[in-house]
Each structure stands twice: as structure tokens, then as C-alpha cells.
Amino acid sequence: MFSKTILASNNIGKGKEFAELFSCRNIQLILQSEFNVPECPEPYQTFVENALAKARNASQYSNLPALADDSGICFPALNGAPGVLSARFANEKIKSDLANNIKVSKELLQHRDKSCYYVCVLVLVRFPKDPQPIIAEGIWQGQWQNQAVGEYGFGYDPHFYLPEYQKTAAQLSPEFKNKVSHRGQALSELFEKLKGF
């Protein structure tokens, strides 16, 4: 059923990462740009609603099953912000990792609690109006550190410190990160759920 599936993203890096993880399960993932799928609005306050909207949109335009993810970072001290706005926390119109990281560090100055966690929600639909989308979630706990360390990863990774490894997410090899990260956890749950379909 899912042998050929659309990835509701135009991000080539993300597409490559997902394609490798799915190929060993005989699922061919194709970026939605190959089907000229237009960008889907993400007006919702939750990861699951945005991921579901993107999956349905990609499935509708491609007439194939579609997988979407919505992910971000949350800070309890900031009432869960930036959450779904993680990519554009510093500026709604421009994505800038540096500006986002500076804003987080600045806003956390007045808080003792530096805990944070990455969230990844994956939604897979078999067809546009699938009444039973497959939903998986991964959560990765960490601590914010102001100093950026590490050369791997992207986004908030250089500041996302993992006490159990005594490293930031940006210091972990991509292979290891894929196993333990929020995305890795969500994928494991998704593959487990796919066994029932």
C-alpha cells in the first residue's frame, strides 16, 4: 500500500534523510516538489494538526499516500514556545537559525529553568480524506546552553545539550543522532504501527 509515498516537504536534505530510512522497508519516498504540490498553510497551534494538513495536501495533489512531519523545540519556561513556530521564532518571514538561537538565549536569561525538548510528529495518510491517519510522536529531552558547540545538525542543535552524552545534538554523528533523536523515536513508532497495515 505504501510502496510509493509522497514526502510532504520540499527540503532536499530532509528528503534524503527520510528516503534512506524508508528504503530498507521497501518504501520509495518522493519529494512533493516532483508532483508540483503547492506549499500547504500551517495555521495551527499544534504539531499534529499542521502535519496532518500537510499530509492531506500532498496526498490530494499526488493521488498517493503521503507522509508529513512537523517538528520543533519547546521550552517549559516559555510556555512551550517556540513550538510550531520554531523555524521562524525570531522573524515570521525569514528563517534564520542564528537569529532564532539568539532570541531563545535572550528570552531564557530571566528564567532559571533551561530545560527544553524537541518534538517530532509524523502523520501518514493513505489517501486525502483518510479517516484513520497513522500518527507517531517522538520527544527528545535536553538542556539549553548559550554557547553553540558542534558542527553537525542544524537549527537549535548546537545549543541543545544532552547531559547523558555530555554533548550537544550538533556534536553527535548524524547516524547516532538519527537513532536517538525525536525524529528517530517518531520513525520507530511509525514503523511499529505500519506492521498493522
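This structure is a prediction, so every number in the text was calculated from the model and none was measured.

Q: What should I look at first to understand the overall build of the protein in this one?
A: Within the protein, the secondary structure is distributed over 5 helices and 7 strands. In terms of overall size, the protein behaves like a compact globule, its C-alpha atoms giving a radius of gyration of 17 Å where 197 residues would be expected to give roughly 16 Å. Along the longest, intermediate and shortest principal axes, the C-alpha atoms of the protein span 50 × 30 × 25 Å. A burial count over the protein gives 45% of its 197 residues as buried. By sequence separation, contacts in the protein at least 24 residues apart represent 58% of the contacts at least 6 residues apart.

Q: Looking at this model, I keep getting lost on the pairing of strand β1 (residues 4-7). Mind explaining?
A: Bridging between β1 and strand β2 (residues 28-31) involves 4 bridges; their strand directions are parallel. When the sheet's bridge partners are listed, Leu7 is paired in β2 with Leu31. Traced from β1 through helix α1 (residues 12-23) to β2, the parallel crossover comes out right-handed. Of the strand pairs in this sheet, β1 and strand β3 (residues 66-74) are connected by 2 bridges, and their pairing is parallel. Residue pairing for β3: Leu7 is matched across the bridge by Leu67.

Q: What should I look at first to understand the UniProt feature "binding site: Mg(2+)" (unreviewed entry) in the protein in this one?
A: Here, UniProt's "binding site: Mg(2+)" (unreviewed entry) annotation points to Asp70. Inspection of the secondary structure puts Asp70 in strand β3. Apart from the residues within four sequence positions on either side, Asp70 is in contact with Glu42, Thr46, Phe47, Asn50, Ala51, Lys54, Val84, Val119, Cys120 and Val121.

Q: Please clarify how the pairing of β3 should be interpreted in this entry.
A: Burial analysis of β3 places 8 of its 9 residues in the buried class, the great majority of the element. In terms of strand pairing, β3 meets strand β4 (residues 115-125) through 9 bridges, oriented antiparallel. Within the sheet, the bridge partner assigned to Cys74 lies in β4 and is Tyr117.

Q: Sorry if this is basic, but what is going on with the packing of aromatic side chains here?
A: Remark: the centre distance and the inter-plane angle together describe each pair of aromatic rings, the angle taken between the planes. According to the stated counting rule, one finds 8 aromatic pairs in the structure shown. Here Tyr118 and Phe160 contribute two aromatic rings whose centre-to-centre distance is 4.4 Å and whose plane-to-plane angle is 40 degrees, an arrangement assigned as tilted. Here Phe160 lies in strand β6 (residues 160-162) and Tyr118 lies in strand β4, a separation of 42 residues in the sequence. Judged on exposure class, the residue Tyr118 and its partner Phe160 are both buried. Considering the side-chain rings of Tyr165 and Phe176, the 5.2 Å spacing of their centres and the 85 degrees angle between planes classify their relative orientation as edge-to-face.

Criteria and cut-off values
Residues numbered from 1 in each chain as written. Predicted model: local features only at pLDDT ≥ 70, side-chain atom pairs only at ≥ 80, totals over all residues. Heavy atoms only, no water. Helix = DSSP H or I, 4+ residues; strand = E, 2+ residues; numbered from the N terminus. Rg over C-alpha atoms; globule rule 2.2 N^0.38 Å. Buried < 20%, exposed > 50% of the residue type's maximum accessible area, 1.4 Å probe, protein only. Contact = heavy atoms within 4.5 Å. Pairing = 2+ DSSP bridges. Right-handed = clockwise from strand over helix to strand, strands pointing away. UniProt positions renumbered as here; feature names shortened; annotations may be inferred. Phe/Tyr/Trp six-rings, centres within 6.5 Å; stacked < 30°, edge-to-face > 60°.

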